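The primary structure of each chain is shown beneath.
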Amino acid sequence: MKGKAGRSIAAIGDVRAAVLRFCSEQLSRRLDTKPVEDVHQKVSACVQQVDPTMTPYIFGSTVVLGVHEQGSDVDFVCLSPADVQDGKGADAVSEVAKGLQSGFLFRLSEVVKREHYLWDVELVRRTRVPVLRVKGSLGVDGVSFDVTANRRNGVRNSALLRAYFTQCPEARWLSMLVKQWSKKTGLNASVDGGCITSYGWNIMVVYYLLRRKLVKLVPVESCDVANIAPMPPYMPLETPQQDGQALAVMLMDFVSYYLDEFTPETEVMSLTRAAGETTKEMLSWTKQAEDMARIRGERIHYRWCIEDPYEFDLNVGRNVTPFKLMLLRKHLERAQETALLLLA
Ligand code: CTP
Ligand code: MG
């Protein structure tokens, strides 16, 4: 079949079969969150020794998708009672705040090393957010994880994504398909030379669902850490309905939305306002802002704009350069032919 500009498009029957294969392969693996719960307990025991008032919260894919994909890292953030009580508060970004977070993570790293001498522990202070990276040794402790401190935004944005993905049965499958494709193509920031994090891809999936009115807008203020569990429950995945037909159609429509309908020149993917209402002009995400950032020594691009729902003035797509945008388009064109490489 041919689409716009004479591009070939995969036949929907083939897409449906490929999508079903993907889902049954996932379902044949272990997806429950027990391994995460085990690590959560071990991390809690270490945190207890450093500061018994702090509680480790889980966020990231375990929360967003409600399952634990084998080989996926787990994200933790340690929160104080004050952080939790003020569960809608903005995260501090000052150097002083970063210093305090690093201090706590350093003390935690010492305890973790002592208690689990086979784990590979590294404290990274230079990143935007200080983080303790732990790689479990193979076997029982095979789960790797990151720990941050005093930052609520990850917990809030994960709860927000989860609230969207639970509205539509195909959504989690779409998110998993898109994430896997973004990693295979090298577009995912976790791959060398990649540019959009899994978090960014998830916002893109939700923005697409909102544009198609497949989900209802969830007010960002409704996510309050005070009402979120430190370890949200496992949500088993189910075989897609209608033999995968609806999911196959959605997958292809996701690709064509970003290829042919979304207007990156003016539009911002945002979960803060009604879908389609946020423009680059409204946020002053312009060429001039790019130039100003360069003067400050930062490399920020406003070519592919994804507004962070909780962090002020942060483009989650800031690493998409004009060259990477061209690459993204090429991969989307190929995705239309190959159903996100499932038929490649
Ligand atoms: N996050 C964030 N801001 C970013 C990147 C990530 O707040 N710029 C937080 C989000 O809460 C996100 C979590 O960190 O859910 C984990 O990010 P990421 O690893 O990109 O997403 P996962 O869904 O965990 O995907 P993966 O399986 O690739 O780890
Ligand atoms: Mg992750």
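For the structure itself, consult the block above.
Here the structure is a predicted model, which is why all the values come from computation and not from measurement. (Residues numbered from 1 in each chain as written. Chains lettered and ligands numbered in written order. Predicted model: local features only at pLDDT ≥ 70, side-chain atom pairs only at ≥ 80, totals over all residues. Heavy atoms only, no water.)

*Asks:* Is there a simple way to think about the sheet that holds strand 3 (residues 120-124) in this case?
*Replies:* Strands belonging to one sheet form pairs held by backbone hydrogen bonds; the direction of such a pair is parallel or antiparallel. Overall, mixed pairing links the five strands, which are arranged 1-2-5-4-3 in an open sheet. Across the chains shown, the open sheet's two edge strands, defined by having one partner strand only, are strand 1 (55-59) and strand 3. The average undirected angle you get between the axes of adjacent strands in this sheet is 25°. Here strand 3 pairs with strand 4 (residues 131-135) via five bridges, running antiparallel. Looking across to strand 4, one finds that Asp120 is bridged to Lys135. Each of strand 1, strand 2 (74-79) and strand 5 (145-149) touches helix 2 (residues 34-50); the most contacted strand, strand 1, lies at about 150° to it. Contacting strand 1 and strand 2, helix 6 (residues 153-165) runs over the sheet at an angle of about 40° to strand 1. (Pairing = 2+ DSSP bridges. Helix = DSSP H or I, 4+ residues; strand = E, 2+ residues; numbered from the N terminus. Axes fitted to C-alpha atoms, helices over the stretch in contact; angles between N-to-C directions. Contact = heavy atoms within 4.5 Å.)

*Asks:* Explain the site of ligand 1 to me, please; I cannot follow it from the model alone.
*Replies:* For ligand 1, the set of nearby residues contains 14 residues, the closest of which are Ser61, Asn157, Lys179, Lys183 and Ser198. Asn157 has a polar side-chain atom sitting 2.4 Å from an oxygen atom of ligand 1. Side-chain polar atom of Ser158 to an oxygen atom of ligand 1: 3.2 Å apart, as the coordinates give it. Contact with the protein chains covers 83% of the free accessible surface of ligand 1, which is 590 Å². (Near = heavy atom within 4 Å. Polar contact = N/O pair within 3.5 Å; in protein donor to acceptor, adjacent residues only side chain to side chain. Areas by Shrake-Rupley, 256 points an atom, 1.4 Å probe, with all protein chains shown as cover.)

*Asks:* Quick question: what am I supposed to make of the packing of aromatic side chains here?
*Replies:* Describing an aromatic ring pair means giving the distance of the ring centres and the angle of the ring planes. Within the structure shown, the criterion is met by 14 aromatic pairs. Between the aromatic rings of Phe76 and Phe145, the centroid separation amounts to 5.4 Å while the plane-to-plane angle is 80°, which identifies the pairing as edge-to-face. Separated by 69 residues along the polypeptide, Phe76 in strand 2 and Phe145 in strand 5 bring together distant segments of the chain. With relative accessibility at 0%, the residue Phe76 sits in the buried group. On the basis of an interplanar angle of 25° and a centroid distance of 5.2 Å, the ring pair of Trp285 and Tyr302 is categorised as stacked. Placement of the pair is Trp285 in the loop between helix 10 (280-283) and helix 11 (287-295) and Tyr302 in the loop between helix 11 and helix 12 (322-338), with a sequence separation of 17 residues. Exposure remark for Trp285: the relative accessible area of 3% places this residue in the buried category. An aromatic cluster of at least three residues, connected via ring pairs, comprises Tyr207, Tyr208, Phe254, Tyr257, Tyr258, Phe262 and Trp304. (Phe/Tyr/Trp six-rings, centres within 6.5 Å; stacked < 30°, edge-to-face > 60°. Buried < 20%, exposed > 50% of the residue type's maximum accessible area, 1.4 Å probe, protein only.)

*Asks:* Just to check I follow, could you spell out the side chain of Arg162 for this structure?
*Replies:* Position of Arg162 among the secondary structure elements: in helix 6. Lacking a salt bridge, the buried Arg162 has Glu37 as its closest oppositely charged neighbour, with an N-O distance of 10.0 Å. Setting aside residues up to four positions removed in sequence, Arg162 forms contacts with Thr62, Val63, Val64, Gly66, Pro232, Pro233 and Met235. (Lys, Arg positive; Asp, Glu negative; His and termini not counted. Salt bridge = Lys/Arg side-chain N within 4 Å of Asp/Glu carboxyl O.)

*Asks:* Can you walk me through the environment of Thr185 in this structure?
*Replies:* Within the fold, Thr185 resides in the loop between helix 7 (171-184) and helix 8 (198-211). Counting along the chain gives 143 residues from Thr185 to Leu328, while the straight-line C-alpha distance between them is 9.2 Å. Among residues more than four places away in sequence, those in contact with Thr185 are His331 and Leu341. At 3.2 Å, the side chain of Thr185 and the backbone oxygen of Ser182 are in polar contact.

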